[in-house]
Amino acid sequence: MSSDSLNIILFGETGVGKSSVINLIAGGPVADVSPDADGCTMNSKDYQFTIGSRKITIWDTVGLEEPQMGVNGYYAAVVKAYNLIQKLSRAGGVDLLLFCIRGNRITATTQSNYRLFYEVLCNKQVPIALIITHLEREHRMEEWWTRNEGSILKYGIKCAGHACVTGITDKAEKFRESRDAISTLLSQHDNRGRFTMPQDPWFIRLLEHLASLVSPNSSVGKDISRNLIKRCGLDVETAQRLAGHLNIILFGETGVGKSSVINLIAGGPVAKVSPDADGCTMNSTDYQFPIGSRNITIWDTAGLEEPQMGMNGYYAAIVKANGLIQKLSSAGGVDLLLFCIRGTRITATTQSNYRLFYEVLCNKQVPIALVITHLEREHRMEDLWTRNEGRILKYGIKCTGHACVTCVTNREEKVRESREAIRHLLSQHGSQGRFTMPQDPWFIRLLEHLTSLVSTKSPLGKNISRILTKRCGLDVETAQRLAAQLRYGDRQ
């Protein structure tokens, strides 16, 4: 980043005078038509000019016109936001936000725009300054700030500077004062730390916030990626990636409450019967549903019931493991592991399941979070984590997050807290680094570990290759090679 350049986002509602502010900054008429004419939130037009030796780039950007939006406005805003993120990424990020407000009012929309640009788009990492416009009737324009600074702070709008201005050129003295005020404001903001993010997470962050602004009477629909393709003109691969689809494996022992956890996440009864009923390790049932702008796929997967298994369980687990790997490969991989445990009961089987899914299936490459269930008797559910975090770590179970929950429906307040806890947990895990492997090596890796779990009293037998061929669909050569590895390899 060069200290002689400044990247600025200028934003505000339609008619607030953003084009006039650009002309004040440039010292001449460089901005003729505002992107406000398009009427679409996040639409932007960029201007480049120099002031002295400094190169200035300004993105004149349309803010929200109402605190909420309809679905048509949402999809239009999404494609404009995508274009803006691409421009900002190419330019290396943002140095300064200039928020234009009209001097006579602070509205709910003003507050929504502040949150959209300062808190969400720039993650509170970019200094924001206010430009208060249409002050030509003030005797001394700066007096407006003296009278109203406290009121602005009361509305939760914090800024690192301000300029009180008018863009009316026939008020020559006030026009000169306005230019000086903005020039002084810019001189106070040298680009000491330009903010940027990787492009996909940056867009996903913005996309999720825009979805939260859609009126409750409207719905963004279940197939976000299809709408991004059809209505926003994105290609299929980009749309699916940016729709924020989250692939989750949910696992744990029988009776821990995995189906109830899925219903908590979905906000309704989507999961009725757990694959635990099958009694087979690695058996899974998948569920798909939207949360806001994000599509969720969860594989509810049966874990181990004992640290070791017999031959019948082993052969059944091989088949189920093969089916799971095929599903994960088709879906593009795994974003997050949710490990369900009951209270603080950490057993040898708990540890074996942790190793099976986190260390073996996902090669320690996927974030794992704990969902601790059956906590309805806790006065404050989170207290359980405070008391037991150290003990869980002592057992070698490391996680990147947790949620303490209950699914007992007659505890309404605790169920609400549980839903908020698990939704918050998911919001911390964007699809920023999905893990996958080529299908055959992935299956072989898992198969070798399952073999190590077979009781040493149970011989592997001679029909492994037949099982792999007939029930898992492997070709004869691969099945025989793998069977030989398993039969004569080390079983620890």
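Rules behind the numbers
- Residues numbered from 1 in each chain as written.
- Predicted model: local features only at pLDDT ≥ 70, side-chain atom pairs only at ≥ 80, totals over all residues.
- Heavy atoms only, no water.
- Helix = DSSP H or I, 4+ residues; strand = E, 2+ residues; numbered from the N terminus.
- Buried < 20%, exposed > 50% of the residue type's maximum accessible area, 1.4 Å probe, protein only.
- Areas by Shrake-Rupley, 256 points an atom, 1.4 Å probe, with all protein chains shown as cover.
- Pairing = 2+ DSSP bridges.
- Axes fitted to C-alpha atoms, helices over the stretch in contact; angles between N-to-C directions.
- Expected span 1.5 Å × (residues − 1).
- Contact = heavy atoms within 4.5 Å.
- Salt bridge = Lys/Arg side-chain N within 4 Å of Asp/Glu carboxyl O.
- Polar contact = N/O pair within 3.5 Å; in protein donor to acceptor, adjacent residues only side chain to side chain.
- 1 Å grid on protein atoms, 1.4 Å probe; cavity = no way out; pocket = protein on both sides within 12 Å on 5 of 7 lines; lining within 4 Å.
- Points joined across faces, edges and corners; volume = space filled by probe spheres on them.
- Nonpolar A, V, L, I, M, F, W, Y, C, P; charged D, E, K, R; others polar.
- Right-handed = clockwise from strand over helix to strand, strands pointing away.
- Parallel < 35°, antiparallel > 145°, perpendicular 65-115°, else oblique.

### Let's talk about the overall build of the chain
Across its full length, the chain holds 16 helices and 12 strands. For the chain, with 492 residues in total, the buried portion stands at 51%. Counting every atom, the chain has about 22,500 Å² of accessible surface; 46% of that belongs to carbon and sulfur.

### What about the sheet that holds strand β7 (residues 246–252)?
Think of a sheet as strands paired side by side through backbone hydrogen bonds, with each pair either parallel or antiparallel. Strand order in the open sheet formed by 6 strands is β8-β9-β7-β10-β11-β12, and the pairing between neighbours is mixed. Two strands bound the open sheet, and with one partner strand each, they are β8 (284–291) and β12 (401–404). Within the sheet, the average angular offset between the axes of one strand and its neighbour, ignoring direction, is 20°. In terms of strand pairing, β7 meets strand β9 (residues 294–302) through 7 bridges, oriented parallel. When the sheet's bridge partners are listed, F251 is paired in β9 with T301.

### Considering helix α10 (residues 311–331)
The terminal C-alpha atoms of α10, which comprises 21 residues, lie 30 Å apart, in line with the 30 Å expected from a rise of 1.5 Å per residue. Of the residues making up α10, those classed as buried are M311, Y314, Y315, A317, I318, A321, N322, L324, I325 and L328. Positioned one or two residues after α10, G332 has a phi angle of 95°, which is positive.

### Overview of the sheet that holds strand β4 (residues 96–102)
Read across the open sheet, the 6 strands follow the order β2-β3-β1-β4-β5-β6; overall the sheet is mixed. Of all the strands in the sheet, the pair left with one neighbour each is β2 (44–51) and β6 (162–164). Strand-to-strand twist in this sheet, taken as the mean axis angle between neighbours without regard to direction, amounts to 20°. Sheet contacts for helix α2 (residues 71–91): β1 (5–12), β2 and β3 (54–62); angle to β3, the most-contacted strand, approximately 170°.

### Let's talk about the pattern of salt bridges
Overall, the coordinates contain 11 salt bridges when judged by the stated rule. The salt bridge partner of E138 is R147, with a shortest N-O separation of 2.7 Å. On the accessibility criterion, E138 (16% relative accessible area) is buried. Note on R147: relative accessible area 51%, which makes it exposed. In this structure, E143 and R140 form a salt bridge, with 3.5 Å as the shortest nitrogen-oxygen distance. The class of R140 is partly exposed, set by a relative accessible area of 45%. Salt bridges linked by common partners bring E173, R176 and D180 together as one network.

### Describing the side chain of T297
You can see T297 is positioned in strand β9. Assessed through its relative accessible area of 3%, T297 is described here as buried. Separated by 3.2 Å, the side chains of T297 and Q288 make a polar contact. When near neighbours in sequence (up to four residues on either side) are disregarded, T297 contacts H245, L246, N247, I248, Y287 and Q288.

### Observations regarding empty space enclosed by the protein
The full count for this structure, using the stated rule, is 1 cavity of 30 Å³ or more. As a volume, the largest cavity reaches approximately 30 Å³. Looking at the largest cavity, the residues that line it are D440, F443, I444, L474, T478 and L482. Those elements that provide at least two residues to the lining of the largest cavity are α14 (439–452) and α16 (476–488). The element best represented in the lining of the largest cavity is α14, accounting for 3 residues. Partitioning the lining of the largest cavity into residue classes produces 4 nonpolar, 1 polar and 1 charged.

### Considering the pairing of β12
Here strand β11 (residues 368–373) runs beside β12; their pairing, made up of 4 bridges, is parallel. Its bridge partner lying in β12, L370 is registered against H402. The parallel pair β11 and β12 is bridged by helix α12 (residues 381–394), and the resulting crossover is right-handed.

### Digging into the packing of helix α1 (residues 18–26) against helix α5 (residues 172–187)
Two packed helices can be described by the angle between their axes and the distance between those axes. Two elements in contact, α1 and α5, have axes separated by 9 Å at closest approach and are oriented at 75°. By the criterion of interaxial angle, the relationship of α1 to α5 is roughly perpendicular. Residues V21, L24 and I25 of α1 pack against F175, S178, R179, I182 and L186 of α5. Residue composition of the contact of α1 with α5, grouped by class: 6 nonpolar, 1 polar and 1 charged.

### So, the pairing of β9
In terms of burial, β9 is largely enclosed, as 9 of its 9 residues are buried. Neither face of β9 is open: one carries R294, I296, I298, D300 and A302, the other N295, T297, W299 and T301, and all of them are buried. In this sheet, β9 lies alongside β8 in antiparallel orientation, the contact comprising 8 bridges. Looking across to β9, one finds that I291 is bridged to R294.

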